[in-house]
Number of protein chains: 2
Amino acid sequence: MIGKLNHVGVATPSIENSVAMYRDLLGATRIHEKFAMPDQGVWVCFVDLPNSQIELIEPYDDKSPIKNFLAKNPQGGQHHICFEVKDIIAARDEMIAKGATVLGTGEPRIGAHGVPIIFLHPKNTGGVLVELMQEPAHGH
Amino acid sequence: MIGKLNHVGVATPSIENSVAMYRDLLGATRIHEKFAMPDQGVWVCFVDLPNSQIELIEPYDDKSPIKNFLAKNPQGGQHHICFEVKDIIAARDEMIAKGATVLGTGEPRIGAHGVPIIFLHPKNTGGVLVELMQEPAHGH
């Protein structure tokens, strides 16, 4: 079922500092502008790689769902892995049928790429927070 | 400098259980045989995705460098991210010149893909353990 590794989600206390690190230390050359996703409680910034992306996420406010993660990992760290699927509804139904827990209401919401996403509970996926994302129509 | 996201390293207490999860829950279809890297203290198993890989790593013995990680994350979790570079020696020298800490002796060692690798200290890379790996001659 899973297709491409769309991105690795990396939580950071400062997108500005992380962008500087990816640009100046690691030499990434395609880094997008950051943008707010207030409903998800995060600022988001994509670092493009030739075959995938790093998704930098920073808390938008005190209710941010990544605040706890950063309390435990003050420097930041790997937060989730996102795999593409052809049909998010079919994928969601298959995950539930197989006994996995879909986070939130279970209804897909629109993610940072503008396509519907769900998250699986890490207890079902070896301690890794897994995002499933409907394939974008035109790649990244 | 960094090229492709070669793989995401995922630590697990049981490659067998993780393989079953990637195969039976997530529907991954290309999963390699596990193999031992006693010098690195890990068992390794690659899960292929169309554009990248998940590298499952399980402790080989009690001296395994991932034992502490699993003590803190008993279910497993995201352990490192690996980016390809064209020339590992040039990359290593550039990292040191820019003030980053290369783990171990600083000399590249041969990684699970048979090409030289180094690891950067997470304090330099936003809390993420970053592996740099010389581009394989023929892709995966």
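Residues numbered from 1 in each chain as written. Chains lettered and ligands numbered in written order. Predicted model: local features only at pLDDT ≥ 70, side-chain atom pairs only at ≥ 80, totals over all residues. Heavy atoms only, no water.

## Remarks on the overall build of chain A
Right, on to step 1. On a plain count of helices and strands, chain A comes out with 3 helices and 9 strands.
Right, on to step 2. Counted from the first residue to the last, chain A has its helices and strands arranged as β-α-β-β-β-β-α-β-α-β-β-β.
Right, on to step 3. Taking 140 residues into account, the globule formula puts the C-alpha radius of gyration at 14 Å, and chain A, at 15 Å, falls close to it.
Right, on to step 4. Principal-axis analysis of the C-alpha atoms places the extent of chain A at approximately 45 × 35 × 25 Å.
Right, on to step 5. Counting all 140 residues of chain A, 52% fall into the buried class.
Right, on to step 6. For chain A, restricting intrachain contacts to residue pairs at least 6 apart in sequence, the fraction spanning at least 24 positions comes to 53%. (Helix = DSSP H or I, 4+ residues; strand = E, 2+ residues; numbered from the N terminus. Rg over C-alpha atoms; globule rule 2.2 N^0.38 Å. Buried < 20%, exposed > 50% of the residue type's maximum accessible area, 1.4 Å probe, protein only. Contact = heavy atoms within 4.5 Å.)

## Comments concerning the pattern of salt bridges
Right, on to step 1. Throughout the structure, instances matching the rule amount to 14 salt bridges over all chains.
Right, on to step 2. With a closest N to O distance of 2.8 Å, Asp24 of chain A and Arg23 of chain A form a salt bridge.
Right, on to step 3. Assessed through its relative accessible area of 42%, Asp24 of chain A is described here as partly exposed.
Right, on to step 4. We note a salt bridge from Arg92 of chain B to Asp93 of chain B, for which the minimum N-O separation is 2.7 Å.
Right, on to step 5. For Arg92 of chain B, a relative accessible area of 11% corresponds to the buried category.
Right, on to step 6. A single salt-bridge network, built from bridges that share partners, covers Arg92, Asp93 and Glu107 of chain A. (Salt bridge = Lys/Arg side-chain N within 4 Å of Asp/Glu carboxyl O.)

## Brief notes about the environment of Lys123 of chain B
Right, on to step 1. Here Lys123 of chain B is to be found in the loop between strand S8 (116–120) and strand S9 (130–134).
Right, on to step 2. Those residues in contact with Lys123 of chain B, other than ones at most four positions away along the chain, are Gln75 of chain A together with Thr101 of chain B.

## Let's talk about the interface of chain A and chain B
Right, on to step 1. Taken together, the contact between chain A and chain B spans 40 residues of the former and 40 residues of the latter.
Right, on to step 2. Of all residues in chain A, the largest losses of buried area upon contact with chain B belong to Leu25, Leu26 and Gln78 of chain A, amounting jointly to 21% of the total for that side.
Right, on to step 3. Contributions of two or more residues to the side of chain A that touches chain B are made by strand S1 (5–11), helix H1 (15–25), strand S5 (53–59), strand S6 (77–85) and helix H3 (88–97) of chain A.
Right, on to step 4. With 6 residues, the single largest contributor to the side of chain A that touches chain B is S6 of chain A.
Right, on to step 5. Residues of the side of chain A that touches chain B, tallied by class, amount to 20 nonpolar, 15 polar and 5 charged. (Buried area = accessible area lost by both parts, 1.4 Å probe. Nonpolar A, V, L, I, M, F, W, Y, C, P; charged D, E, K, R; others polar.)

## Considerations on the packing of aromatic side chains
Right, on to step 1. A complete count under the given rule lists 4 aromatic pairs over all chains for this structure.
Right, on to step 2. An angle of 35° between the planes, with centres 6.3 Å apart, marks the rings of Phe35 of chain A and Phe46 of chain A as tilted. Highlighted residues: Phe35 of chain A in strand S3 (residues 35–37) and Phe46 of chain A in strand S4 (residues 42–48), separated in sequence by 11 residues.
Right, on to step 3. Here Phe35 of chain A falls in the partly exposed class, since its relative accessible area comes to 28%.
Right, on to step 4. A centroid spacing of 5.6 Å and a plane angle of 45° characterise the contact between Trp43 of chain A and Tyr60 of chain A, whose relative ring orientation is tilted. Remark: Tyr60 of chain A occurs in the loop between S5 and helix H2 (67–72) and Trp43 of chain A occurs in strand S4; sequence separation between them is 17 residues.
Right, on to step 5. Its guanidinium or amino end placed over the ring of Trp43 of chain B, Lys34 of chain B lies 4.4 Å from that ring's centre, counting from NZ or CZ. (Phe/Tyr/Trp six-rings, centres within 6.5 Å; stacked < 30°, edge-to-face > 60°. Lys NZ or Arg CZ within 6 Å of the ring centre and 35° of its normal.)

## What to know about the relation of the copies chain A and chain B
Right, on to step 1. Rotating chain A by 180° and moving it 0.0 Å along the rotation axis overlays it on chain B with an RMSD of 0.0 Å. Classification of the inter-copy transformation places it as that of a two-fold axis.
Right, on to step 2. Both copies share a contact surface, since 100% of the interface residues of chain A are interface residues in chain B too. (Least-squares fit on C-alpha atoms with pLDDT ≥ 70 in both.)

## As for the state of the cysteines
Right, on to step 1. A full pass over the atoms with the stated rule returns 0 disulfides over all chains.
Right, on to step 2. No disulfide involves Cys82 of chain A; its sulfur sits 16 Å from that of Cys45 of chain A, the nearest cysteine. (Disulfide = S-S within 2.5 Å.)

## Brief notes about the pairing of strand S1 (residues 5–11) of chain B
Residue and element names in this part refer to chain B.
Right, on to step 1. Of all the 7 residues making up S1, 7 are buried; the element is thus mostly covered by neighbouring parts of the structure.
Right, on to step 2. As paired elements, S1 and strand S6 (residues 77–85) share 6 bridges and run antiparallel to each other. Note that in S6 the partner of Val8 across the bridge is Ile81.
Right, on to step 3. Sheet topology note: the S1/strand S5 (residues 53–59) ladder contains 5 bridges and is parallel. Paired with His7 across the two strands is Gln53, which belongs to S5. (Pairing = 2+ DSSP bridges.)

## Structural notes on H3 of chain A
Three or four residues apart is the spacing at which side chains of an α-helix point the same way, because the helix has 3.6 residues per turn.
All names here are of chain A.
Right, on to step 1. Along H3, the positions that sit buried rather than exposed are Ile88, Ala91, Arg92 and Met95. For H3, the buried positions fall inside an angular range of 100° around the axis, keeping them on one side.
Right, on to step 2. Near the N-terminus of H3, the side chain that reaches the backbone nitrogen of Ile89, with its oxygen 2.9 Å away, is that of Asp87.
Right, on to step 3. Positioned one or two residues after H3, Gly99 has a phi angle of 95°, which is positive. (Arc of directions from axis to C-beta. Polar contact = N/O pair within 3.5 Å; in protein donor to acceptor, adjacent residues only side chain to side chain.)

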